[in-house]
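The chain contents come next:
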Amino acid sequence: MTVYFIGAGPGDPELLTLKAQRVIGACPVCLYAGSLVPAEVVAGAPAGARVLDTAPMTLDDTHAEIVAAHGRGQDVARVHSGDPSLYGAIAEQIRRLRADGIPYEIIPGVPAYAAAAAALGQELTIPEVAQSIILTRVSMKSTSMPEHETLENFARTRATLAIHLGVRNLREIERVLTPHYGAGCPVVVAYRVGWPDQMFLRGTLADIHAKVRAEKITRTALILVGPALGEVTDFKDSALYDPEMPHVLRPRARKTGS
């Protein structure tokens with residue numbers, strides 16, 4: 001048997017990869033994080049499959065289910081939100097699987113920041129405006145951050161920031177980022193991306209806290225910060241399609257009229 005860690009994307013069942021759909025539809029055991037993954041995502045599990053919402057379960061509980069499935073020779077679909085490689089809490093599960101000699105495979109999914117950018121209808125890496133994205137989070141009550149991975153350090157880069165688990169800490173985010181980005185720096189708070197009730201709040205470091213508070217958003221939100229999120233129109237075209245920048249698949253364009 002194999003345990004498949006499956007990225008379900010941010011919420012929209014249609015953002016599942018074809019491979020994810022196929023594997024979910026074939027596994028007799030399906031464990032999914034119900035607080036973040038809609039039931040529709042696992043609705044394609046086989047008839048009679050053991051489908052469990054792991055939200056109220058502990059790591060010991062979920063691992064016991066996997067061990068039992070291993071004993072029966074049954075594949076397991078372990079479905080996580082977004083992409084499992086980003087804050088998916090799969091490392092500790094993999095450690096236990098390896099200790100017990102249980103094989104596993106990871107199937108990637110659409111991360112929330114990518115789905116948010118798509119819904120906003122924009123690119124996050126704009127030539128000469130922003131070419132880097134930093135994915136991070138704030139500690140608050142969750143696992144502490146490594147001492148060198150501070151918001152202050154990331155702010156010095158002025159790169160586009162995608163901040164997870166920080167919507168309750170917007171005041172502190174504003175305090176740390178404003179000296180580096182400026183009070184007028186564009187901010188987007190993406191709430192429940194991919195769900196029917198998704199919401200996008202646009203603002204600046206100076207006013208986004210008030211807007212979020214007015215909407216009473218306290219969880220399941222991604223914070224995007226950076227100049228690329230504004231109404232940027234005055235930027236240079238990338239070199240990707242520049243006729244003066246030939247590459248192996250496109251020779252230099254010939255000039256005519258001379």
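For clarity, every value in this text was computed on a predicted model and none was experimentally measured. (Residues numbered from 1 in each chain as written. Predicted model: local features only at pLDDT ≥ 70, side-chain atom pairs only at ≥ 80, totals over all residues. Heavy atoms only, no water.)

*Asks:* Quick question: what am I supposed to make of the overall build of the chain here?
*Replies:* A count of helices and strands for the chain gives seven helices and ten strands. Per-residue burial for the chain yields a buried fraction of 40% across its 258 residues. (Helix = DSSP H or I, 4+ residues; strand = E, 2+ residues; numbered from the N terminus. Buried < 20%, exposed > 50% of the residue type's maximum accessible area, 1.4 Å probe, protein only.)

*Asks:* Sorry if this is basic, but what is going on with the sheet that holds strand E4 (residues 76-80) here?
*Replies:* Strands in a sheet are paired, the pairing made by backbone hydrogen bonds, and the direction either parallel or antiparallel. Strand order across the open sheet formed by five strands is E3-E2-E4-E1-E5, with parallel pairing between neighbours. This sheet does not close on itself; its edge strands, each paired only once, are strand E3 (50-53) and strand E5 (104-107). Strand-to-strand twist in this sheet, taken as the mean axis angle between neighbours without regard to direction, amounts to 15 degrees. Note that strand E1 (residues 3-7) and E5 share four bridges and pair parallel. Within the sheet, the bridge partner assigned to valine 3 lies in E5 and is tyrosine 104. (Pairing = 2+ DSSP bridges. Axes fitted to C-alpha atoms, helices over the stretch in contact; angles between N-to-C directions.)

*Asks:* In this structure, what is going on with the environment of isoleucine 102? I would like to understand it.
*Replies:* Turning to its location among the elements, isoleucine 102 is positioned in the loop between helix H3 (91-99) and E5. The exposure class of isoleucine 102 is buried, given its relative accessible area of 4%. Linking isoleucine 102 and histidine 70, residues 32 residues apart in sequence, is a C-alpha distance of 7.3 Å. Those residues in contact with isoleucine 102 that sit more than four places away from it in its chain are Met1, Val3, Ile66, Val67, His70 and Leu97. (Contact = heavy atoms within 4.5 Å.)

*Asks:* So what exactly am I meant to see when it comes to the side chain of histidine 209 here?
*Replies:* With respect to the helices and strands, histidine 209 occurs in helix H7 (residues 208-215). There is a polar contact of 3.4 Å between the side chain of histidine 209 and the side chain of arginine 171. What histidine 209 contacts, discounting residues up to four positions off in sequence, is Leu170 and Arg171. (Polar contact = N/O pair within 3.5 Å; in protein donor to acceptor, adjacent residues only side chain to side chain.)

*Asks:* Looking at this model, I keep getting lost on helix H6 (residues 170-181). Mind explaining?
*Replies:* Because the α-helix completes a turn every 3.6 residues, residues three or four places apart line up on one side. If you check which residues of H6 are buried, you get Leu170, Ile173, Glu174, Val176, Leu177 and Tyr181. Among the structural elements, helix H5 (151-155), strand E7 (160-164), H7 and strand E10 (221-225) are those in contact with the buried residues of H6. Within two residues after H6, glycine 182 carries a phi angle of roughly 90 degrees, on the positive side.

*Asks:* Quick question: what am I supposed to make of the packing of aromatic side chains here?
*Replies:* For any pair of aromatic rings, the description consists of the separation of the ring centres together with the inter-plane angle of the planes. Following the criterion strictly, the structure yields one aromatic pair and no others. The side chain of arginine 192 reaches across the aromatic face of tryptophan 195, ending 4.1 Å from its centre. (Phe/Tyr/Trp six-rings, centres within 6.5 Å; stacked < 30°, edge-to-face > 60°. Lys NZ or Arg CZ within 6 Å of the ring centre and 35° of its normal.)

*Asks:* Where do I start with the side chain of threonine 2 in this structure?
*Replies:* Positionally, threonine 2 belongs in the segment before E1. For threonine 2, the residues in contact, after removing those within four places along its chain, are Asp75, Val76, Pro103, Tyr104 and Glu105.

*Asks:* Would you take a moment to explain the pattern of salt bridges for this structure?
*Replies:* Oppositely charged side chains can pair when the atoms bearing their charge come close. This model, assessed by the stated rule, comprises eight salt bridges. Note that aspartate 60 is salt-bridged to arginine 96, the shortest N-O span being 2.5 Å. On the criterion of sequence distance, the pair formed by aspartate 60 in helix H2 (residues 59-72) and arginine 96 in helix H3 is long-range, its members being 36 residues apart. Notably, a salt bridge pairs arginine 156 with glutamate 152, separated by 3.5 Å at the nearest N-O pair. What makes glutamate 152 partly exposed here is its relative accessible area of 29%. (Salt bridge = Lys/Arg side-chain N within 4 Å of Asp/Glu carboxyl O.)

*Asks:* What is the right way to look at the nonpolar core in this model?
*Replies:* One broad trend across soluble globular proteins is that nonpolar side chains are buried collectively. In terms of nonpolar packing, the biggest core is built from 26 residues, with Leu161, Ile163, Leu177 and Val225 touching the most fellow members. Mapped by element, the contributors of at least two residues to this core are H5, E7, H6, strand E8 (186-191), H7 and E10. In this structure, valine 225 is in contact with Ala159, Thr160, Leu161, Ile163, Leu177, Cys185, Pro186, Val187 and Leu205, ignoring residues within four places of it in sequence. Counting 17 residues, the second-largest nonpolar core is a separate cluster that includes Leu16, Ala20, Cys30 and Val37. (Core = buried A, V, L, I, M, F, W, Y, C linked by side-chain atoms within 4.5 Å.)

*Asks:* How should the environment of aspartate 83 be read in this particular structure?
*Replies:* Its location among the elements puts aspartate 83 in the loop between E4 and H3. On the accessibility criterion, aspartate 83 (12% relative accessible area) is buried. For the pair formed by aspartate 83 and glycine 109, sequence separation is 26 residues and the distance between their alpha carbons is 4.3 Å.

*Asks:* What exactly am I supposed to notice about H3 here?
*Replies:* Here H3 has its buried residues at Gln93, Ile94 and Leu97. Buried positions in H3, seen along its axis, are confined to an arc of 95 degrees and lie on one side of it. Exposed residues lying more than 90 degrees from the buried face of H3 are Ala91, Arg95, Arg98 and Ala99. Buried-residue contacts for H3 involve E1, H2, E4 and E5. Count one or two residues on from H3 and you reach glycine 101, which has phi positive near 70 degrees. (Arc of directions from axis to C-beta.)

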